[in-house]
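One-letter residues, chain by chain:
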Amino acid sequence: MKLLHIDSSAMGAQSVSRELTRRTVAQWQDSHPGTVVEYLDLAADAPSHLDMDSLGFRLGLDADALTPAQKRENALTEQLLGQFLAADVVVVGAPMYNFSIPSQLKAWIDRVAQAGRTFTYTEKGPVGLAGGKTVIVASTRGGAYSANPALAFLDHQESYLKTVFGFFGITDVRFVRAEGVAMGEEAKRKAIAEADADIQAHAAEAANEGQAALRA
Ligand SMILES: Cc1cc2nc3c(=O)[nH]c(=O)nc-3n(C[C@H](O)[C@H](O)[C@H](O)COP(=O)(O)O)c2cc1C
């Protein structure tokens, strides 16, 4: 089984989501021995935002017509996309930044969201092409949103990730959630304890357990 471990917090050793992804991956390896892990630190090394170079893969041009910068960016996009498509399990550290996700994580999503590769449009509407994976999102927030209907509409972090991975055909999106981490030491301790319980719960079978076993 292949696991892609992604971090996107800019807070280094102080980051809660980095600690939660680390524990999630360790727990997964315990319950799925032999899992091969690849690591992507988007805070240290993020793809650029989409521009005329990095959008080369959408321009529909012959390889000869691409500039050297477009070819370089296309190769990076292809590498990120291949890594994502090959993964059976994706563990994503996703802090809430300004009600959404870090722009580095969005930049990665912009590279892997590709018509014909991760989704396609049909006469009946969009169809995801990257189904069968399990995605585990380590979601951290300073405030608390999930249990309060008056605040839940402010969440464009978990809801966005669920939407975009769902658009890729991934129906098994699990959340390891620590929220309210900026609401005092006691609230933070409780939030991390609850996230630890999520980690235990989510280390169960992967969505494609059967297929991964057959490939092994
Ligand atoms: C740039 C920035 C923006 C943030 N925006 C929000 C926000 O909109 N809502 C919220 O509840 N917390 C917000 N926070 C708090 C973080 O979500 C919280 O500190 C979380 O633990 C960050 O994850 P990390 O510890 O892995 O870095 C923000 C933090 C930073 C650094």
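In case you missed it, the structure is sitting above this.
Residues numbered from 1 in each chain as written. Predicted model: local features only at pLDDT ≥ 70, side-chain atom pairs only at ≥ 80, totals over all residues. Heavy atoms only, no water.

What about the nonpolar core?
Our working rule: Each nonpolar core is a collection of buried residues, namely Ala, Val, Leu, Ile, Met, Phe, Trp, Tyr and Cys, held together in the definition by side-chain atoms within 4.5 Å. We call a residue buried when its accessible area falls under 20% of the maximum for its residue type, exposed when it is over 50%, and partly exposed in between, using a 1.4 Å probe and counting protein chains only. Secondary structure follows DSSP: runs of H or I at least 4 residues long count as helices, runs of E at least 2 residues long count as strands, and numbering of each begins at the N terminus.
In terms of nonpolar packing, the biggest core is built from 28 residues, with F84, L105, W108, F165 and F168 touching the most fellow members. Of all elements in the fold, only β1 (2–7), α2 (68–86), β3 (89–95), α3 (103–112), β6 (134–141), α5 (158–167) and β7 (172–179) reach the threshold of two or more residues within this core. Sorting elements by how many residues they give to this core places α3 first, with 4 residues. Of all hydrophobic cores here, the second largest spans 16 residues; its members include V25, V89, A178 and A191.

Some details on α3
Residues three or four positions apart in an α-helix share a direction because the helix packs 3.6 residues into each turn. The criterion, for reference: Two residues form a contact once any of their heavy atoms are found within 4.5 Å.
The buried count for α3 comes to 7 of 10 residues, which makes it a mostly enclosed element. Of the surrounding secondary structure, the elements contacted by the buried residues of α3 are β1, β2 (36–41), α2, β3 and α5.

A word on the pairing of β2
Quick reminder of the rule: At least two bridges found by DSSP between two strands are what make those strands a pair. Crossover handedness is defined by viewing with both strands directed away from the observer: a clockwise path from the first strand over the helix to the second marks the crossover as right-handed.
Bridge count for β1 against β2 is 6 bridges, and the pairing is parallel. Considered in β2, the bridge of D7 is made with D41. Each parallel crossover has a hand, and for β1 linked through helix α1 (residues 16–31) to β2 it is right-handed.

So, the side chain of S8
Which entries qualify depends on this criterion: Any N or O atom pair separated by 3.5 Å or less is treated as a polar contact, with the protein-specific requirement of one donor-capable and one acceptor-capable atom, and with residues adjacent in sequence counted only for side-chain atom pairs.
Considering the arrangement of structural elements, one finds S8 in the loop between β1 and α1. Among the residues examined, S8 registers a relative accessible area of 1% and is labelled buried. A polar side-chain atom of S8 sits 2.7 Å from the main-chain carbonyl oxygen of G93. Look past the residues within four positions of S8 in its chain and what remains in contact with it is L42, A43, G93, A94, P95, P102 and L105.

Overview of the pattern of salt bridges
As a reminder of what qualifies: Put simply, a salt bridge is a Lys or Arg side-chain nitrogen that is within 4 Å of an Asp or Glu carboxyl oxygen.
In the structure shown here, the tally under the stated rule is 15 salt bridges. A salt bridge links D196 to R23; the shortest N-O distance between them is 2.7 Å. Of the two residues, D196 sits in helix α6 (residues 185–202) while R23 sits in helix α1, which places them 173 residues apart along the sequence. On the basis of relative accessibility, which here comes to 26%, the residue D196 falls in the partly exposed class. Residue E78 pairs with R117 through a salt bridge whose shortest N-O separation is 2.7 Å. Here E78 is found in helix α2, whereas its partner R117 is found in the loop between α3 and β4 (119–122), with 39 residues between them in sequence. For E78, a relative accessible area of 38% puts it in the partly exposed group.

Geometry only, nothing functional implied.
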